[in-house]
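# Fold and geometry: a report
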Amino acid sequence: MNYIVLVKQVPDVSQITDNAFDPKTGNLIRTRLASVINELDAQGLAFARQMKILSGDTEGKVVALTMGPPMAAEVLRYSLSRFADTAVLLTDRALGGADTWATANPLAHAVRKIQDELFGGSDDYYIVSGMQSVDGDTAQVPAQMAEELDIPCVPYATDVEFKDGQLQFTRIITGGCQIVEPLHKPAIITVAKYEHTLYASFVQTRQANQMELIQWNADDVQATAVGVKGSKTRVIRVFPPEKTSRKCQHVESVEELAKIILESQGKDEQAEASEDGQAMGYVLPQNRQDAFDRHYEGTIKEVEDFKVLAAKLKELNIADPSGVDDAAKEKILADDAVTFHKKALEDMLEGLKQSTPEYSGEVWVMAEHAEDEVNSATFELLGKARELADSLSVHVGVVLAGYNVGPMTDGLIAGGADKVYLIDDPILKDFDPHTYRKVVSDVFEKYQPQIILYGATPQGRVLAPMVSYRVGCGLTADCTGLDIRDSSRKGQIAVLMQTRPALGGNVMATICTKDSSCQMATARPGVMKRMEPDSKRTGQVIECSVELSADELSLKIHRTEKAHGQVNFDADAIVSGGRGLQSREGFHQMVSELCGVLSDKLDISVEQGASRTAVEQGYTERVYQVGQTGTAVGPDLYIALGISGAIQHMIGVANSKTIVAINLDHHAPIFKQCDYYLIGNAEQVVPELAKAIRNAK
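Residues numbered from 1 in each chain as written. Predicted model: local features only at pLDDT ≥ 70, side-chain atom pairs only at ≥ 80, totals over all residues. Heavy atoms only, no water.

### What about the nonpolar core?
In terms of nonpolar packing, the biggest core is built from 60 residues, with Ile-4, Leu-65, Ile-114, Ile-127, Met-145, Ile-423 and Met-520 touching the most fellow members. Per-domain counts for this core show at least three residues from each of domain 1 (2-231) and domain 4 (363-559). Filtering out sequence-adjacent residues up to four positions away, Ile-423 remains in contact with Val-399, Leu-400, Ala-401, Gly-402, Leu-428, Val-439, Val-443, Cys-544 and Val-546. The next biggest cluster of nonpolar side chains, apart from the first, holds 38 residues, and it includes Met-1, Met-51, Ile-189 and Leu-555. (Core = buried A, V, L, I, M, F, W, Y, C linked by side-chain atoms within 4.5 Å. Buried < 20%, exposed > 50% of the residue type's maximum accessible area, 1.4 Å probe, protein only. Domains from an automatic or database assignment. Contact = heavy atoms within 4.5 Å.)

Here it is in structure tokens:
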């Protein structure tokens, strides 16, 4: 059995400073940052090594594969010094500027070439990859490669064991974990966490530096989607993130923190903010009072340029942009207020003639559910879909796939759906990426929506890229902002502008789809606002027939462990514990004590929560897990004890009004994302804090 490990060279985002950005464009200047191996890919190497050891196959080859500029050879030599036997560098100027679509395609073709030339045509191999790269944070490439290669994909793997002659993988699912086995090979495994670092000796490093790398270009692998031209999305702009609305205030004493906690109740500590002031609802051109109104453009610069142009056209008594002759153009360009050039002017005049939306069709949401309940992320997306659809004057549709899921349709209609596309089949009882992506794609092809939104959950982040690749559409991951805007200079009216963080949240990017029949995005749970359910709403349930057989399943599910129990995450306050609480006993003692005193003193509902690490350490049950792979919460008060503040956790608590953190680490990331923090050992601080709250007058 052989292995291909995907590795990537990325900028060291831990060293990002203001000096790393171009002050004019906001773009990251990558040459000002050191390059390192993507951390999850390094874990992927260790994971592949463990797979090989467990299988007992000493003859299998391990090939490290990367796509990048010639300097990416460094990451391959790192791989050779740790574990890999051979390394392949896919490098070509033509590959530059690729999105995930045009990255997955050449890599998949390189995999085919490796199979043919290095594995002698054998399909007995695994592809192992980090779940995502720190510079992109999309988690799309492995799933899109799986679709191109038509092979199983096991996402979010955290462990592996060898049973009954087969490798079985533990993977994260929404609200729990699962033990699965790919039903055939090759298969792709994406690693979410495997902290068993591989170290290289001096001898291994020296040997790696002397080894010859295999180097291929785009023509060698016969890729069909290359670089910018082969991409399905384009970046509108890159900009630094807005300064957090959190206070990030250091509290010196326990007494002061107790006072803050008691006074925080009833106050909304989180200021409302809207990116660039563009929170206003979109209006189609034909419904605008002014034919020259273009203040719904995708960037502030374009809005200002069109505003100046409209003023000049009115000054020249020009009511129709078709009537602008060369003399009028010269007068416009001669004005001191005009900062754009002639080509831009011509593009803008053409843009003013456009009024027909670029896309047509409904706005869809992909429903996610478990144990007969639709999850909260779906209803959050429904609220956003309702907003987008109303501005476009179209219907909202929900795709609901599963087995015996018909009773869920009423709740979806009450939550904002006009139509529910119901796909009900026994084979869909458990989520299998292969079968789900087939039925969703089939329904898409029949009804042709213009937008599909998925939750950025473990399920959504594997299903969305597979569907998008299968139907030939662009996809943007982990969006925190979705707005309908125009890109009039490019002739695009009413397109979906998708804003997302990248580089570990150090930059923001606004992206739109191109060369696609539909716009697709995943959105972070806890970011969008759900509608108040209306039981009086009516809608249509459309039953969609599918053709499925058990032969189309890609995974054998051995065991599923889901969170069970009664948890009230709608409580007024949540006290969560992390790895810093050291033990199960310490966790329950400190969290329970603080929950009890808050409930008694403030007469509010209080629930306990936990980080993913605390759950995996066995400190508490999975039902209490808060975060992107647990439950997104939004209480009035969120207190984090011994939680470092990984991005996946902070995504899940973003809607909390007030966030308080207690951590011994002076440099804990959570201190930059909370309202108040106290540096100290929770074991000492919590009893003192509980006493101070209890005795407060």
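### With respect to the sheet that holds strand E9 (residues 176-182)
Sheet architecture is open: ten strands sit in the order E11-E5-E4-E1-E6-E10-E7-E8-E9-E26, paired in mixed fashion. Only two strands of the sheet have a single partner each, and these edge strands are strand E11 (214-216) and strand E26 (555-562). Taking the axes of each pair of neighbouring strands and ignoring which way they run, one obtains an average angle of 30 degrees across the sheet. The sheet contact formed by strand E7 (residues 153-163) and strand E8 (residues 166-173) spans six bridges and is antiparallel. By the bridge assignment for E8, Lys-163 is matched with Gln-166. Along the sheet face, helix H4 (residues 141-149) touches strand E1 (2-6), strand E6 (125-130), E7 and strand E10 (187-191) and points at about 175 degrees away from the line of E10. (Pairing = 2+ DSSP bridges. Helix = DSSP H or I, 4+ residues; strand = E, 2+ residues; numbered from the N terminus. Axes fitted to C-alpha atoms, helices over the stretch in contact; angles between N-to-C directions.)

### Concerning the packing of aromatic side chains
Two aromatic rings are characterised by how far apart their centres lie and by the angle between their planes. Counting across every chain of the model gives twelve aromatic pairs. Seen from their ring centres, Phe-47 and Tyr-194 are 5.1 Å apart, and the 80 degrees between their planes marks the pair as edge-to-face. Here Phe-47 is found in helix H1 (residues 39-55), whereas its partner Tyr-194 is found in the loop between E10 and helix H5 (202-210), with 147 residues between them in sequence. Their ring planes at 45 degrees and their centres at 6.4 Å tell us that Phe-587 and Tyr-619 sit as a pair that is tilted. Here Phe-587, found in helix H15 (residues 584-602), pairs with Tyr-619, found in the loop between helix H16 (612-616) and strand E29 (637-641); they are 32 residues apart in sequence, far enough to count as distant. Under the relative-accessibility criterion, Phe-587 is labelled buried at 0%. Assessed through its relative accessible area of 6%, Tyr-619 is described here as buried. The rings of Phe-47, Tyr-126, Phe-169 and Tyr-194 are connected pair by pair, giving a single aromatic cluster. The ring of Tyr-78 has Arg-82 lying over it, and the distance from NZ or CZ to the ring centre is 3.8 Å. (Phe/Tyr/Trp six-rings, centres within 6.5 Å; stacked < 30°, edge-to-face > 60°. Lys NZ or Arg CZ within 6 Å of the ring centre and 35° of its normal.)

### What to know about the pattern of salt bridges
Enumeration according to the criterion identifies 31 salt bridges in this entry. For Lys-113, the salt bridge is made with Glu-117, and the minimal N-O distance between the two is 2.6 Å. Of this pair, Lys-113 and Glu-117 both sit in helix H3 (residues 101-117), four residues apart, roughly one helical turn. What makes Lys-113 buried here is its relative accessible area of 17%. A salt bridge links Glu-147 to Arg-470; its shortest N-O distance comes to 3.2 Å. Of this pair, Glu-147 sits in helix H4 while Arg-470 sits in helix H14 (residues 460-471), and the two are 323 residues apart along the sequence. (Salt bridge = Lys/Arg side-chain N within 4 Å of Asp/Glu carboxyl O.)

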